[in-house]
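Each chain is listed here by its residues.
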Amino acid sequence: MIEQHYNFAFLDERTKKRIRRALLKAVAVPGYQVPFGSREMPFAYGWGTGGVQITASIIGQSDVLKVIDQGADDTTNAVNIRRFFERTTGVASTEKTREATLIQTRHRIPEVALTEAQILVYQVPMPEPLARLEPRRRETIKMHALSEYGLMHVRLYEDIAQLGAISRAYDYPVLVNERYLMSPSPIPKFDNPKMHMNPALQLFGAGREKRLYAVPPYTPVRSLDFEDHPFEVQKWEHACALCGATESYLDEMIVDDQGSRLFVCSDSNYCEERRDAGHVGTQLAVTLSSVLTHQSDCGIASERGAA
Amino acid sequence: MKPGVLLSARQAGKAFMQNGKPRWACRDVNFDLYPGEVLAVVGESGSGKTSLLRLLAARLACDEGSVHYEVRSEQANETDGLTDLAQMSEAQLRRLARTDWGFVEQHARDGLRMNVSGGANVGERLMALGARNYGHLRQEALSWMQRVELDTARIDDLPGTYSGGMQQRLQIARNLVTQPRLVFMDEPTTGLDVSVQARLLDMLRELVDELQLAAVVVTHDLAVARLLAQRMLVMKDGCVVEQGLTDRVLDDPQHAYTQLLVSSVLTP
């Protein structure tokens, strides 16, 4: 059921063309934030207006769309955006990562490896990685132009000095193509290594901030770190309770008033695929006591790291 | 051009527009600064001292004349001779300001990053130059905090929790960490009480001597000039009215204004 009152994919052709022109520039200069004329969308800012505008301007009749919110296909943001494009374009949508040609995502990169035939569109709340450190936009633009990124390391230094380790778990700053400092949008740092040399085209849109940027296929993306405090991704002691996966990003859910936790894959499609293939997890929540022992082990480890 | 000159001002001047007419903040300033030499700029408030300092540090562009600096080339210890600052690109100037120069602000808050710890403040320049080893950065920060007589136990405290004198010391450490050859100081001791001032001056004198620093110190305190500087420049209404060796100028002032300045010093 297509809404006939709107142009294909809601935006008018000129707007889509201008966004595509900005995207070309973004692809030509990996990691560089290109300003664009962001339009009002029938969403509130913070609900993915930037990503939606990019998707709207590149989606075609033959595309298969998948929308992810925090790894899942069935949460509010994902359902809303998928329905929006179903109504305004009539293109096919899917929940299967392998079948999709265009994937709009918020907060996650799918666990399944992407291919050259796919485009990943990120929703970005704050495109400027230096914003918290240097409030003057003029100055941050100059810092990008001159490649002066020492300040980001000052922030990481400060984390280690105060907390014993780099505490940033999401939106972890990366250097694209060894040139531009880039915010990877609030994906967990677990997903950062997936951006490196990824065969898929990765596009980023920030609607409120009116910026978009891109990581072309097979572009080196390096997470910043110190020689003696190298970048590390999160690890879990537990496996997914539903599919038994140990290599995926796990969500932790408190399931009763005793503090028991259920660890499950955040990527719902990945989890489903594994279950269909016959993998089974324990189906059990982890009790509070075992979570606490694990945490105290970690605590001692990080104290040792600081000393 | 004389050999060995580090910084040279030639008829340097800066005008600010006021009601459509230029008003000269400082004009016709000429001097040469040699490596390891400390020059004091004295004069009453509004005489153009700070404007001059900002001209020299390329924070303002000259409206008249020029400022030249002996830029160290990429190859070790070789120099390119004097370069006009106006001819340098912004990237070069910013690099120069981060490596070969220091700028000690009058208010330490302007020169420090108040939202990161003292250690991070000292390490910032090194990280900007590509230092990526936390352990080394930490060592460097500790050793510099010792050199400026700061309590090393406070390395992880925010500068906001430091006293005024400590903030000023931290600012100095932060500037000296890259071993600059030239430091600009804008009234470094103003706003500190006399005993703290005395200790800070003592420390500055030692550091200047030890590191063979050249410095341009703006001050309205003649005692600071006497203690630190080999040469001084007296400014009034944007013009240099007298310059020469500090002891000569202070003991035998020639210009009427300098005589007034010297005779106005209170002695307890």
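Residues numbered from 1 in each chain as written. Chains lettered and ligands numbered in written order. Predicted model: local features only at pLDDT ≥ 70, side-chain atom pairs only at ≥ 80, totals over all residues. Heavy atoms only, no water.

Enquirer: Break down the layout of surface pockets for me, citing the residues and quoting the values.
Expert: Estimated volume of the largest pocket: approximately 1600 Å³. In terms of lining, the largest pocket is formed by 47 residues, of which the most central are A:E139, B:R59, B:R94, B:A97 and B:R98. Among the elements that line the lining of the largest pocket, the one with the most residues is helix α2 (residues 90-99) of chain B, at 5 residues. A breakdown of the residues in the lining of the largest pocket according to their chemical character gives 21 nonpolar, 7 polar and 19 charged. (1 Å grid on protein atoms, 1.4 Å probe; cavity = no way out; pocket = protein on both sides within 12 Å on 5 of 7 lines; lining within 4 Å. Points joined across faces, edges and corners; volume = space filled by probe spheres on them. Helix = DSSP H or I, 4+ residues; strand = E, 2+ residues; numbered from the N terminus. Nonpolar A, V, L, I, M, F, W, Y, C, P; charged D, E, K, R; others polar.)

Enquirer: Can you tell me about the interface of chain A and chain B, naming the residues and giving the values?
Expert: One widely used convention gives an interface's size as the accessible area the parts lose upon coming together. The partner chain B presents 22 residues to the 22 residues of chain A that form the contact. Carbon and sulfur atoms make up 54% of the area that chain A and chain B hide from each other, which totals about 1900 Å². Looking only at chain A, the three residues that lose the most surface to chain B are A:E148, A:V154 and A:Y157, adding up to 29% of its buried area. Inspection of the region where chain A meets chain B yields 4 salt bridges. Put simply, A:E148 and B:R94 hold a salt bridge, and the shortest N to O gap is 2.8 Å. Sorting the residues of the side of chain A that touches chain B by element identifies α4 (137-145) and α5 (150-163) of chain A as the ones contributing at least two each. For the side of chain A that touches chain B, the class distribution of residues is 9 nonpolar, 4 polar and 9 charged. (Contact = heavy atoms within 4.5 Å. Buried area = accessible area lost by both parts, 1.4 Å probe. Salt bridge = Lys/Arg side-chain N within 4 Å of Asp/Glu carboxyl O.)

Enquirer: Talk me through the domain arrangement of chain A; I want residue IDs and the actual numbers.
Expert: Residue and element names in this part refer to chain A. Here chain A is described as being made up of domain 1 (13-223) and domain 2 (250-306). Placing a centre on the C-alpha atoms of domain 1 and another on those of domain 2 gives a separation of 28 Å. Contacts between domain 1 and domain 2 engage 14 residues on the former and 7 residues on the latter. Between domain 1 and domain 2 lies a buried interface of about 860 Å² when both sides are counted; carbon and sulfur atoms form 39% of it. At the junction of domain 1 with domain 2, the criterion picks out 1 salt bridge. Run the count over domain 1 and domain 2 and you get 7 residue pairs in polar contact (both at pLDDT 80 or more). Partitioned by chemical class, the residues of the side of domain 1 that touches domain 2 number 3 nonpolar, 4 polar and 7 charged. (Domains from an automatic or database assignment. Polar contact = N/O pair within 3.5 Å; in protein donor to acceptor, adjacent residues only side chain to side chain.)

Enquirer: Outline the sheet that holds strand β8 (residues 214-218) of chain B, supporting the account with residue identities and numerical values.
Expert: Residues and elements named next belong to chain B. Judged by pairing direction, the sheet is mixed, and its 6 strands sit side by side in the order β6-β7-β8-β3-β9-β10 without closing on themselves. Two strands close off the open sheet at either side, each with one partner strand: β6 (101-104) and β10 (239-245). Neighbour-to-neighbour, the strand axes of this sheet turn through a mean angle of 15°, independent of strand direction. Relative to strand β9 (residues 231-236), strand β3 (residues 38-43) is paired through 5 bridges, and the arrangement is parallel. Bridging across to β9, L39 finds its partner in R231. Of the strands in this sheet, β3, β9 and β10 are in contact with helix α10 (residues 256-263), which crosses β9 at around 105°. (Pairing = 2+ DSSP bridges. Axes fitted to C-alpha atoms, helices over the stretch in contact; angles between N-to-C directions.)

Enquirer: Kindly report on the pairing of β6(B), identifying the contributing residues and their values.
Expert: Residues and elements named next belong to chain B. Because side chains alternate across β6, one face comprises the buried residues W101 and F103, and the other comprises G102 and V104, equally buried. Taken together, the 4 bridges between β6 and strand β7 (residues 182-186) define a ladder with parallel strand orientation. Within β7, the position partnered with G102 by the bridge is V183. (Buried < 20%, exposed > 50% of the residue type's maximum accessible area, 1.4 Å probe, protein only.)

Enquirer: Tell me about the packing of aromatic side chains, residues and numbers included.
Expert: Tallied over the full model, the rule gives 16 aromatic pairs over all chains. Seen in terms of ring centroids, A:Y122 and A:F204 are 4.1 Å apart; in terms of plane orientation they differ by 5°. Their pairing is stacked. Of the two residues, A:Y122 is situated in strand β5 (residues 119-123) and A:F204 in strand β8 (residues 201-206); the sequence distance between them amounts to 82 residues. For A:F204, a relative accessible area of 0% translates into the label buried. Arranged with centres 6.1 Å apart and planes meeting at 65°, the rings of A:F226 and B:Y134 form a pair that is edge-to-face. Placement of A:F226 in the loop between β10 (221-223) and β11 (250-254) and of B:Y134 in helix α5 (residues 134-147) is noted, with the two residues assigned to different chains. Looking at B:Y134, the relative accessible area reads 9%, which means it is buried. Between B:K14 and the ring centre of B:F16, over which it is positioned, the NZ or CZ distance is 5.5 Å. The positively charged end of B:R59 is found above the aromatic ring belonging to B:F103, 3.7 Å away from the centroid. (Phe/Tyr/Trp six-rings, centres within 6.5 Å; stacked < 30°, edge-to-face > 60°. Lys NZ or Arg CZ within 6 Å of the ring centre and 35° of its normal.)

Enquirer: How would you summarise the sheet that holds strand β3 (residues 92-93) of chain A if you had to cite specific residues and measurements?
Expert: Residue and element names in this part refer to chain A. Pairing in this open sheet of 7 strands is mixed, and the strands run β1-β9-β8-β5-β4-β2-β3 from one edge to the other. The open sheet has two edge strands with one neighbour each: β1 (34-35) and β3. The pairing of strand β4 (residues 102-106) with β5 spans 4 bridges and is classified as parallel. Paired with Q104 across the strands is V121, a residue of β5.

Enquirer: So what's going on with the packing of α5(A) against helix α4 (residues 118-128) of chain B? Residues and values would help.
Expert: One way to put it is that α5(A) packs onto α4(B) with a least axis distance of 9 Å and a crossing angle of 140°. Crossing angle aside, the handedness with which α5(A) passes α4(B) is right-handed. Note on element contacts: α4(B) touches α5(A) through B:G119, B:A120, B:E124, B:M127 and B:A128, opposite A:G150, A:L151, A:H153, A:V154, A:Y157 and A:E158. Tallied by class, the residues present in the contact of α5(A) with α4(B) amount to 6 nonpolar, 3 polar and 2 charged. (Left-handed = near helix turned anticlockwise from the far one by under 90°.)

Enquirer: Which residues make up unusual backbone geometry, and what values do they have?
Expert: Residues and elements named next belong to chain A. In this structure, S147 takes a positive phi of about 60° despite not being glycine. In this structure, K210 takes a positive phi of about 60° despite not being glycine. For K210, the position within the fold is in the loop between β8 and β9 (211-215). A relative accessible area of 36% means that K210 is categorised as partly exposed.

Enquirer: Tell me about α4(B), and name the residues and values.
Expert: All names here are of chain B. Taken across its 11 residues, α4 has 10 buried, putting it largely inside the fold. For α4, every residue scored as buried is listed here: G118, G119, A120, N121, V122, G123, E124, R125, L126 and M127. Immediately beyond the C-terminal end of α4, within one or two residues, lies G130, with a positive phi of roughly 110°.

Enquirer: With reference to specific residues and values, describe the side chain of A:Q234.
Expert: Residues and elements named next belong to chain A. You can see Q234 is positioned in the loop between β10 and β11. Engagement of the side chain of Q234 in a polar contact is seen with the backbone oxygen of A169, the distance being 3.4 Å. Polar contacts involving the side chain of Q234 include one to the main-chain amide nitrogen of F190, which spans 3.0 Å. What Q234 contacts, discounting residues up to four positions off in sequence, is A169, P188, K189, F190 and Y249.

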